[in-house]
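Spelled out from the first residue to the last, the chains are:
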Amino acid sequence: MPVQKLEKINPGSTVCEVKDPTAIYKMIEKITVFDGFDCEGDYSYGVSKTIARLRRLNDDRIYRFDINKEFRLIQDNDGMTFGKY
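Right, let's walk through the structure included here. Every residue gets a number counted from 1 within its own chain, in the order that chain's sequence is written. Residue-level local features of this predicted model are given only where pLDDT is at least 70; pairs of side-chain atoms are given and counted only at 80 or more, and the full residue set underlies all totals for whole chains, interfaces and linings. Excluding hydrogens and water, the side-chain figures rest on all heavy atoms present in the structure.

### Quick word on the packing of aromatic side chains
Any pair of aromatic rings gets described here by the distance separating the centres and the angle formed by the planes.
And then number 1: Here a pair means two rings of Phe, Tyr or Trp (six-membered ring of Trp) with centres within 6.5 Å. Their orientation is stacked below 30 degrees between planes, edge-to-face above 60, and tilted elsewhere. All told, the structure shown has five aromatic pairs when counted by the stated rule.
And then number 2: The interplanar angle of 85 degrees and the centroid separation of 5.8 Å between the aromatic rings of tyrosine 25 and tyrosine 63 together place this pair among those described as edge-to-face. With tyrosine 25 in strand β3 (residues 24–38) and tyrosine 63 in strand β5 (residues 62–66), the pair connects residues that are 38 residues apart, well separated along the chain.
And then number 3: Three labels apply to residues, based on accessible area from a 1.4 Å probe with only protein chains included: buried if under 20% of the type maximum, exposed if over 50%, partly exposed otherwise in between. By relative accessible area, which is 2% here, tyrosine 25 ends up buried.
And then number 4: Tyrosine 63 sits in the partly exposed class, given a relative accessible area of 25%.
And then number 5: Cluster of aromatic residues (ring-pair linked, three or more members): Tyr25, Tyr63, Phe65 and Phe71. Secondary structure elements are defined from DSSP: runs of H or I of at least 4 residues count as helices, runs of E of at least 2 residues count as strands, and each element is numbered from the N terminus.

See below:
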């Protein structure tokens, strides 16, 4: 199974963690969020970042990961299933 960063994996794909293949997720979406705060006066600070939201299949909980985290692709959103190399 190919190891890829989440930014390369499309929503609807099924993935598992590299170190724990029993943790299987379905990618829901990739979204950009704003993280910041206002300072006193005329200055404010903020950073936007892109995250991936994944639903864990065994407990139906939703997890958020940085898009640079690597996962093993099990099945892509087109239905192509990947076997062990």
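So much for the structure itself; the text now carries on.
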